[in-house]
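Below, each chain spelled out in residue letters.
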Amino acid sequence: MSSLLKPGLVGSVSTPSGTGQSSADSEARFRSIFIAHLKSDGYSEAEACRLIFKTPAPFHMPPSGENGLALLDAFRNHYQNQLPYSWYFEGLQRETDSDASAQKVPSRPVTFIVVPGIFGEFIDQLPFQSVLGANSSLFAIKWTSALKRVQDQRYSLLNLDSVARPLDQLVKIGSIDQGGRAFCNVIVLRAGGGSLETLGSLESNVEVYRRRLEKVFNVIDEDTDIYLVGYSRGLAVALALVSALHEDNKAGKLSPASRAWYSKLRGVVGLGGVFYGAKFAQDVLSGEAGATSSIVALLRDTVDRFQIVPDGANSREKGRIIGHNVAAWSQFLMRVSAAERAEVADEKSFLDNDLPKAYASERKFRLGRLQMSPPNAAGIFSLVNGFFRKTFEFATLVSRYNDHVLGLKQLVGAVITGVETLTPRARDAWWRTHELPKDLLLFSVTGTMPDAYLNGFFSPLNSFAGFGAKSSDYDVLLRSGYYDATASENTQINDSQVSHFASRYWEQMYPNHRYTHHYLGVLGTHHWGMAFPFMVRDEHRNRFPRRILLKSLSVFIGSLQQ
């Protein structure tokens, strides 16, 4: 395995334009803040190093002078010999300076607006739920009642139309407080089931969130700087939102309601975000991404088979069509619920290793060593079936039969369009045709899964608390995604869905679109752990300290203003 540890030496260190601070410098600064907060909460030095890794020096640099998709391909070749364990070990060897100022509450808290990721409407949990669940937080006490008195529209697949909802149901708010003051305020844009707010085109998502934020900040009036936090695909939506507001502002067309909060907007944070797309998403659509491809293809095929009951159909014809659709849906549910184990696509390989075989060997090894629980057979089924049961009222199946069929068809179309926006080709086209404000600050926070089980190497990272390796999330859903993403992206430095190099900003990617950027480092958790304690509920939780992540981000931003 020693060959997997050798980095290449190319390029020059990336320095954010106009800051005098290199990518390595900003990572070191954030890491010291994060570890200081961990220690103040009782974590040991060893535990802290397990929760935030360190990027080796060569990987703060672009591997070639190319740009766009050509540079992404160069990154894939550059990263392929790296182990997540070596990035953990890189941090373990670095002493972290103690910084008492890192624990001070900022004199002026920032407000984070969290834009949810793809399939956010499938999930009961909200990003940073523990912050939002504190109804006694200063921010919630001050503004929740006022939000209840204002309404906005949310689309409903069940109604095939928009429905009025109070703002307190459409956004959730809270703050992290200390000593009677707030470290930061948090607003999460809540995507309800069947709202299509995390699916479909970026333009459709932007239209909804732009209108909603106008109403939110017509209520909430704080002396604060605003930062959008784009989680996963939410980053693409956040960037598109800022770009649309920027263009209207240049043209003198920005409404007073938008200007009220846009004038306070200072930056965008990518949290496991898709700055440059995920080849994994491309492979999902082309049928080459294992279990994820399978369920998307199965859903598309099932809904394509559904038939509409024509006007004037007699009872016999209605019965035939309904029977046909029930059979198609039953087959779908049976096939999903039978997915007791996550799968890795056939014939996938990485560094001459057969990934399906490696994944099967890892599962057997972990189960034999009692380092995992038997997988929840209902894992992926519980997410998909639960979503459909909440979104579509089967009690009205007969009276509104065609509406349900049309809603399902619309949902699947939005899923496909939403995934397409994540492909490298789509992101490349977006960056070449859109502009952001020149003074906008960009931030990147990345993560990684433990190493793949290659050549009999079992990564010690599997035991780290930030991964929740005994949970159903990890075993049924995330681990197979990691193997598929490893093959798609040609690197093990991925968080189960997005590679490290594609989820951080590189000013060299598009020379005509350069913005000030701060790279904050690699978290010792996977794509879901950055924002959620679990997706599939069982007795296990992911213990990554998400509140400390937000506090540290607040302090880092505050240090830029000094």
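Throughout, a residue's number is its position along its own chain's written sequence, starting from 1. In keeping with the model being predicted, local features are shown solely for residues with a pLDDT of at least 70 and side-chain atom pairs are shown and tallied solely at 80 or more, while totals for entire chains, interfaces and linings include all residues. Side-chain metrics in this entry use all non-hydrogen atoms of the structure; hydrogen atoms and water are not considered.

Participant: I tried to follow the environment of Ser-107 on my own but got confused; where do I start?
Facilitator: By the criteria applied, helices consist of DSSP H or I runs no shorter than four residues and strands consist of E runs no shorter than two, each listed in order from the N terminus. Locating Ser-107 in the fold gives a position in the loop between α4 (84-92) and β1 (110-115). Judged by relative accessible area, Ser-107 falls into the exposed class, the value being 73%. Taking the C-alpha atoms as reference points, Ser-107 and Arg-181, 74 residues apart in sequence, are found 8.8 Å from one another. Between buried and exposed lies partly exposed: a residue is buried under 20% and exposed over 50% of the maximum accessible area for its type, with that area taken using a 1.4 Å probe on protein chains only.

Participant: In this structure, what is going on with the nonpolar core? I would like to understand it.
Facilitator: One recurring pattern in soluble globular proteins: nonpolar side chains tend to sit buried together. Core analysis: the biggest nonpolar cluster contains 155 residues, and Trp-261, Tyr-276 and Trp-431 have the highest contact counts within it. Sort the elements by how many residues they give to this core and helix α9 (residues 234-250) lands first, with nine residues. Leaving out residues up to four positions away in the same chain, Trp-431 has contacts with Leu-239, Phe-275, Tyr-276, Leu-436, Tyr-505, Tyr-510, His-513 and Tyr-515. Buried residues of nine kinds, namely Ala, Val, Leu, Ile, Met, Phe, Trp, Tyr and Cys, make up a nonpolar core once their side-chain atoms join them within 4.5 Å. Core analysis: the second largest hydrophobic core is formed by 15 residues, Phe-306, Ala-313, Ile-321 and Leu-333 among them. Contact definition: two residues touch when any of their heavy atoms are within 4.5 Å.

Participant: Mind showing me how you'd approach the pattern of salt bridges here?
Facilitator: Between side chains of opposite charge, pairing is possible as soon as their charged atoms come close. Any Lys or Arg side-chain nitrogen found within 4 Å of a carboxyl oxygen on Asp or Glu counts as a salt bridge. One pass over the full model with this rule turns up 24 salt bridges. The partner of Glu-45 in a salt bridge is Lys-39, and the shortest N-O contact between them spans 2.3 Å. Residue Glu-507 pairs with Arg-514 through a salt bridge whose shortest N-O separation is 3.6 Å. Judged by its relative accessible area of 11%, Glu-507 is buried. Looking at Arg-514, the relative accessible area reads 36%, which means it is partly exposed. In this structure, a network of salt bridges that share partners links the residues Asp-152, Glu-197, Arg-211, Arg-212 and Lys-215.

Participant: Is there a simple way to explain the layout of surface pockets in this structure?
Facilitator: Here a cavity denotes a set of grid points, spaced 1 Å apart and computed over the protein atoms alone, in which a 1.4 Å probe fits but from which it cannot get out, and a pocket denotes an open set meeting protein on both sides within 12 Å along at least five of seven lines; residues with an atom within 4 Å of a point are reported as lining. Grid points are joined across faces, edges and corners, and a volume is the space filled by probe spheres set on the points. Within this model, the second largest pocket holds a volume of roughly 280 Å³. Lining the second largest pocket are 17 residues, and of these Tyr-155, Ser-195, Leu-196, Ser-204 and Val-208 sit closest to its centre. Of all the secondary-structure elements, those providing two or more residues to the lining of the second largest pocket are β2 (151-156), α8 (202-219) and α16 (401-420). Only Asp, Glu, Lys and Arg are considered charged in this grouping, and only Ala, Val, Leu, Ile, Met, Phe, Trp, Tyr, Cys and Pro are considered nonpolar; every other residue, Gly among them, is considered polar. Counted by class, the lining of the second largest pocket contains five nonpolar, seven polar and five charged residues.

Participant: Please clarify how the sheet that holds strand β4 (residues 171-178) should be interpreted in this entry.
Facilitator: Hydrogen bonding along the main chain pairs the strands of a sheet, whether they run parallel or antiparallel. Strand order in the open sheet made by the seven strands is β4-β5-β1-β6-β7-β10-β11, with mixed pairing throughout. Each of the sheet's edge strands pairs with one partner strand only, and the pair in question is β4 and β11 (516-523). Along the sheet, successive strands turn relative to each other by an average axial angle of 20°, direction set aside. Strand pairing follows a simple DSSP-based rule, namely that at least 2 bridges must link the two strands. With five bridges connecting them, β1 and strand β5 (residues 181-189) associate as parallel partners. Within β5, the position partnered with Phe-112 by the bridge is Val-186. Every axis in this analysis is a line fitted to C-alpha atoms, fitted for helices over the stretch in contact. Angles between the N-to-C directions lie between 0 and 180 degrees.

Participant: Would you take a moment to explain the packing of α8 against α9 for this structure?
Facilitator: Helix-helix packing is described using two parameters, namely the angle between the two axes and the distance between the axes. Two numbers describe how α8 lies on α9: the axes approach to 9 Å, and their chain directions differ by 70°. Classified by the angle between their axes, α8 and α9 sit roughly perpendicular to one another. Here α8 runs over α9; the crossing is right-handed. Across from Leu-202, Asn-205, Val-206, Tyr-209, Arg-210 and Leu-213 in α8, the residues of α9 making contact are Ala-236, Val-237, Ala-240, Leu-241, Ala-244, Leu-245 and Asp-248. Geometric relationships in this document are graded by angle, where less than 35 degrees denotes roughly parallel, more than 145 denotes roughly antiparallel, 65 to 115 denotes roughly perpendicular, and other angles denote oblique. With the far helix as reference, a near helix turned anticlockwise by less than a right angle produces a left-handed crossing, and one turned clockwise produces a right-handed crossing.

Participant: Explain the packing of helix α3 (residues 68-79) against helix α17 (residues 424-433) here, please?
Facilitator: Put simply, α3 and α17 touch, their axes get as near as 9 Å, and they point 135° apart. When the axis of α3 is compared with that of α17, the two are oblique. Two packed elements cross with a definite hand, and for α3 against α17 that hand is right-handed. Contacts from Gly-68, Leu-69, Leu-72 and Arg-76 of α3 reach α17 at Pro-424, Arg-425, Asp-428 and Arg-432. Of the residues that constitute the contact of α3 with α17, the class distribution is three nonpolar, one polar and four charged.

Participant: I'm lost on helix α18 (residues 472-489) in this one. Help?
Facilitator: Along an α-helix, a turn takes 3.6 residues, which lines up residues three or four apart on a common side. Expected helix span is computed as 1.5 Å times (number of residues minus one). Between its first and last C-alpha atoms α18 spans 24 Å; for 18 residues at 1.5 Å apiece the expected length is 26 Å, and the two agree. The quantity called bend is, for any residue, the angle between two axes fitted respectively to the seven residues ending at it and the seven beginning at it. When the local axis directions of α18 are compared, the greatest deviation, roughly 45°, occurs at Leu-478. Of the residues flanking the end of α18, it is Asn-490, one or two places downstream, whose phi is positive at about 65°.

Participant: Is there a simple way to explain the side chain of His-500 in this structure?
Facilitator: Mapped onto the secondary structure, His-500 falls in the loop between α18 and β11. The exposure class assigned to His-500 is buried, which follows from its relative accessible area of 0%. Leave out the neighbours within four places in its chain, and His-500 touches Thr-55, Phe-59, Tyr-79, Trp-87, Thr-446, Ile-493, Asn-494, Tyr-519 and Val-522.

Participant: Before we go on, may I ask you to explain unusual backbone geometry in this structure?
Facilitator: What is expected of a backbone is that most residues other than glycine have negative phi and most peptide bonds are trans. With a phi close to 65°, Asn-490 is a non-glycine residue in the positive phi region. Positive phi, close to 105°, is recorded for Ser-496, a residue that is not glycine.

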